[in-house]
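# Tertiary structure, described
Take a look at the letters that make up each chain.
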Amino acid sequence: MNTQHIETLIIGAGQCGLSTGYHLQRRNRPFLIVDSNERIGDNWRKHYDSLRLYTPAKYTDLPGMLYPDPERWNYPSRDEVAEYLESYAVRFDLPVRLNTSIDKLTARPEGGYSAIMGGEMITCDNVVIATGTFGRTPMIPEFARELDPSIRQLHSSEYKRPSQLLPGSVLVVGASHSGTDIAYELADTHETTLAGRDCGQLPMRWDTPLFRLGLPVLVFIARHVMTRRTPVGRKLMGEIRTHGGPMLRIKREDLAARGVIRNTSRVTGVRNGRPLLDDGTVADVQNVVWCTGFRQVFDWIDLPVIGDDGWPTEYRGVVRDAPGLFFCGLSFQFAFSSMVFPGVGRDTAYVARRIAARKASSAPARQAA
């Protein structure tokens, strides 16, 4: 088996993996970033065509590089974000190895970790897992298999544009921000029903002067109030990780104005091949779009660091029971802002400082030995 050693291995070349690399580079610490995609930014390119960030360009900067849009209140599209990540890696000459999937991560008896990739192995002193905020495995109920085969089913990760769907009506399941965005778009061409509990909504509209005035306050609250150090933050953390966030750009009145049929009941089963809601409604539709989120799948990590809830047992990305193991980019890694661009710089800088501190603390011990 071919083997190489690197001080720090970063798994995932999204905004958090690249930003962690930037901070380590500034501290003169060697590292390698690996990613399973063909291009940097492909995770963004896989989203639906109409996706735009919920934060404007002025809040989309990564450490060391402004987002390149002179109109700082523009909302970047998915492809523009992907291009920004590619240019970020090029500008700082970050070492990224693409088309590389980790099959297993294990601890080494002498300390550190081994990442196995087919017939190759990378050993490292530290490993940073930056594979996504909520995971990448679609969460679809088992009973979806019982739906009539004539119904076209897509998960939000597969949905790109309305033309993918069959003519006729659509049931969008899940009313967080992605579900409301997709339902609003589909209602222009299809009779659309949106099912799922009301997750709430932010009161301000994205395209108003009031929002521009209020956004700095919202960002401050997301970064400094809704954190794992505060009761409100810890309560919100459990809510966001299990049920998704509130409606953002699209509001209740927008859905109503476009004719979206709103049902706050949950889809709980199947009757006669059609989706069944817990209020007894049977949705006679030709399409179902599951906006039911994702789940973290860490079965490739052969270490006792995943809790019963499926999330890593970490705080601010540091796993105390596994020295040298870090996570980056998790929902509520430290605050509500951890899942969006305004929180990336602080979280990744913290992880990089902890990695550098491990190296500094081990040097005197080696000298004494």
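Read on for an overview of the structure. All values reported here derive from a predicted model rather than from experimental measurement. (Residues numbered from 1 in each chain as written. Predicted model: local features only at pLDDT ≥ 70, side-chain atom pairs only at ≥ 80, totals over all residues. Heavy atoms only, no water.)

What follows is about the packing of aromatic side chains. Under the counting rule described, the total for this entry stands at 12 aromatic pairs. Both rings, one in Tyr67 and one in Tyr84, keep their centres 4.9 Å apart while their planes meet at 65 degrees; by these two values the pair is edge-to-face. Of this pair, Tyr67 sits in the loop between helix 2 (42–45) and helix 3 (78–91) while Tyr84 sits in helix 3, and the two are 17 residues apart along the sequence. Residue classification places Tyr67 among the buried positions, given a relative accessible area of 6%. Put simply, the rings of Tyr22, Tyr67, Tyr84, Tyr88 and Phe92 pair up and form one aromatic cluster. Seen from the ring of Tyr184, Arg258 lies directly overhead, with NZ or CZ sitting 3.8 Å from the centre. (Phe/Tyr/Trp six-rings, centres within 6.5 Å; stacked < 30°, edge-to-face > 60°. Helix = DSSP H or I, 4+ residues; strand = E, 2+ residues; numbered from the N terminus. Buried < 20%, exposed > 50% of the residue type's maximum accessible area, 1.4 Å probe, protein only. Lys NZ or Arg CZ within 6 Å of the ring centre and 35° of its normal.)

Before going further, it helps to spend a moment on the packing of helix 1 (residues 15–26) against helix 3. The description of two packed helices rests on the angle between their axes and on the distance between the axes. Across the interface, helix 1 lies against helix 3 with an axial gap of 11 Å and an inter-helix angle of 20 degrees. Taken together, the axis directions place helix 1 and helix 3 in an arrangement best described as roughly parallel. Read as a crossing pair, helix 1 and helix 3 show a hand that is left-handed. Only Leu85, Tyr88 and Ala89 of helix 3 make contact with helix 1, whose side of the interface consists of Gln15, Leu18, Ser19 and Tyr22. (Axes fitted to C-alpha atoms, helices over the stretch in contact; angles between N-to-C directions. Parallel < 35°, antiparallel > 145°, perpendicular 65-115°, else oblique. Left-handed = near helix turned anticlockwise from the far one by under 90°. Contact = heavy atoms within 4.5 Å.)

Here we come to the sheet that holds strand 8 (residues 152–155). Taken together, the five strands give an open sheet; going across it, the order is 8-14-9-10-11, and neighbouring strands pair in parallel fashion. Two strands lie at the open edges of the sheet, namely strand 8 and strand 11 (261–263), each paired on one side alone. Strand-to-strand twist of the sheet, defined as the mean angle between neighbouring strand axes without regard to direction, takes the value 20 degrees. Across four bridges, strand 8 lies against strand 14 (residues 287–290) in parallel orientation. (Pairing = 2+ DSSP bridges.)

By the bridge criterion, four bridges tie strand 12 (residues 267–271) to strand 13 (residues 274–277) in an arrangement that is antiparallel. Considered in strand 13, the bridge of Arg271 is made with Arg274. Linking strand 12 back to strand 13 in an antiparallel pair, the connection comprises two residues, with Asn272 at a positive phi of about 55 degrees.

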